[in-house]
Amino acid sequence: MSEIKVEVGGLKLRNPTMSASGILDNSADLLLRLFKGGAGGVVTKSVGKEPRKPYPGPNVVEMEYGVLNAMGLPNPGIDYFCEEIREAIRREPNICLIGSVYGKDPKEFSELAIKMERAGCKAIELNLSCPHVKGYGAEVGTDPKAIREICEEVSSSIAIPIFVKLTPNVTDIVSLASAALEGGASGVVAINSVRAMRINVELMKPVLGNVYGAYSGKGILPIGVRAVYDIYRELECEIIGVGGIENYKDALEYIMAGAKAVQIGTGIMKKGEKIFSEVANGIRKWLEDHGFSSIYEIVGIAQRK
Ligand code: DHB
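Throughout what follows, the structure given in this document is the object of discussion.

Parameters and conventions
Residues numbered from 1 in each chain as written. Predicted model: local features only at pLDDT ≥ 70, side-chain atom pairs only at ≥ 80, totals over all residues. Heavy atoms only, no water. Helix = DSSP H or I, 4+ residues; strand = E, 2+ residues; numbered from the N terminus. Expected span 1.5 Å × (residues − 1). Buried < 20%, exposed > 50% of the residue type's maximum accessible area, 1.4 Å probe, protein only. Arc of directions from axis to C-beta. Contact = heavy atoms within 4.5 Å. Phe/Tyr/Trp six-rings, centres within 6.5 Å; stacked < 30°, edge-to-face > 60°. Lys NZ or Arg CZ within 6 Å of the ring centre and 35° of its normal. Pairing = 2+ DSSP bridges.

**Some details on helix α10 (residues 275-289)**
The end-to-end C-alpha distance of α10 is 21 Å, a good match for the 21 Å that 15 residues give at a rise of 1.5 Å each. Those residues of α10 not exposed but buried are I275, F276, V279, A280, G282, I283, W286 and L287. Seen end-on, α10 carries its buried residues on one side only, within an arc spanning 160°. Looking at the buried positions of α10, the neighbouring elements they touch are β3 (17-19), α1 (28-36), α8 (248-257), β16 (261-264) and α9 (266-271).

Next comes the structure, spelled out in structure tokens:
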């Protein structure tokens, strides 16, 4: 049997699939559902210091090759959410939870990360890349100096691994990854969604209530694979690949580009939570059929061609 257990940036996963932040992940029940569906790791919705309400709708619009959304980082705030995390762990002590947080400065990020660690998360994901919320996410996440400072503060405050989720909405994503690692991050998550919008021609106005949104799903797969390939080529660091994965072959593209694990978000909307066991089993079978004994043997293999 080929081995698909994997360790990425010090985070141990029973298989290389993880859920991406933002889909079916804002309560203990939903986090458990994703883990039972086979996810190796389950990432929470991004949580901030205070509760936030969603933007006015429409918030989510399906299109040919993906989904456009502008939720507005809705969440109940860190203190409430940590109770959901504790409840999930009480009911399933083996669940591997990764706490996603967003904040406005290094101190806020580290306070949130400390609370997530105390609640029982196995790693922290810093959402430095929400494409359309003012003052959070992409505004700090496109500045290498801000990324480094946030990572320095968080890595000196907690003991669990830290991953930085990077925005693709920049010219040079490698420099963002490099800043994260310099600041003490264990690895990077590439990519977050792509800044985008659509216009309803009959109504003659933008489709989303927030005008601007974030594009995810199959349409962004080539953008994500390219980002992972470039980051791995330059830095050979720990990478979690995400963007447009719907089957095991999509996941293998990311792994062959240099990722050790992958996240699936929009794919859950299409196939439900069984997508995790489907992708994990597909990877295992592919490794077996091709004579590989572990996933590590193919990480970054496409770089050598
Ligand atoms: C939202 C946040 C994100 O980080 C993202 O990539 C897309 C949407 C949101 O909550 O609106």
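**A few points about the packing of aromatic side chains**
Summed over the entire model, instances satisfying the criterion amount to one aromatic pair. A cation sits over an aromatic face here: R14 above F35, 3.7 Å from the ring centre. Sitting over the ring of Y212, R195 keeps its end group 4.6 Å from the ring centre.

**Examining the sheet that holds strand β8 (residues 123-127)**
Spatial strand order, β3-β16-β15-β10-β9-β8-β7-β4: eight strands in an open sheet with parallel pairing. Looking at the sheet topology across the chains shown, the edges are occupied by β3 and β4 (42-43). As paired elements, β3 and β16 share three bridges and run parallel to each other. Note on β16: the bridge partner recorded for S19 is I264.

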